[in-house]
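# Commentary on secondary and tertiary structure
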Amino acid sequence: QVQLLESGGGLVQPGGSLRLSCAASGRTFSMYAMGWFRQAPGKEREFVAAISKFGSNTAYSDSVKGRFTISRDNAKNTVYLQMNSLNPPDTAVYYCAADGRLGPLGLKESEYDYWGQGTQVTVSS
């Protein structure tokens, strides 16, 4: 079992930045690839970014590529999402998730085993 707790969300103006954190507890953190997803009001949850177990591989959705950076610190059992150049369409609840599979980074919800409760990010002037 893995417990995930996101933090760092909030209200930011267009063009601003936020860094989300997701702290993990339970089983060995480095056993899991990690991902970030988001869900905007009235929309389905969508993939944002993923990182491999030791951070050597990353993946991003086209909508955030070049603006967001995913990273992890296995010593701190934490994964981060640095979000720059935020725009109103980035407004959503952001979730981190843990993927215990072997193989390529997961891009689908169904590939993740554990989920946090989410943190709200609102981009507005």
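Note that the coordinates shown come from a computational prediction; the quantities given were computed from them, not determined experimentally.

### What to know about the nonpolar core
If you look at the biggest cluster of nonpolar residues, it comprises 28 residues, and the most contacted ones within it are M34, W36, L81, M83 and Y94. Contributing elements (two or more residues each) for this core: β1 (2–7), β3 (18–26), β4 (33–39), β5 (46–51), β7 (68–73), β8 (78–83), β9 (92–99) and β11 (119–123). Setting aside residues no more than four positions away along its own chain, L81 makes contact with L18, R19, L20, W36, V48, A49, F68, T69, I70 and Y94. By size, the runner-up hydrophobic cluster in this structure holds six residues, among which are F47, A59, A97 and Y112.

### Examining the environment of C22
Considering the arrangement of structural elements, one finds C22 in strand β3. The buried category is assigned to C22, whose relative accessible area is 0%. For the pair C22 and G116, spaced 94 residues apart in the sequence, the C-alpha separation amounts to 8.0 Å. Not counting chain neighbours up to four residues away, the residues in contact with C22 comprise L4, L5, E6, M34, W36, N77, T78, V79 and C96.

Parameters and conventions
- Residues numbered from 1 in each chain as written.
- Predicted model: local features only at pLDDT ≥ 70, side-chain atom pairs only at ≥ 80, totals over all residues.
- Heavy atoms only, no water.
- Core = buried A, V, L, I, M, F, W, Y, C linked by side-chain atoms within 4.5 Å.
- Buried < 20%, exposed > 50% of the residue type's maximum accessible area, 1.4 Å probe, protein only.
- Helix = DSSP H or I, 4+ residues; strand = E, 2+ residues; numbered from the N terminus.
- Contact = heavy atoms within 4.5 Å.

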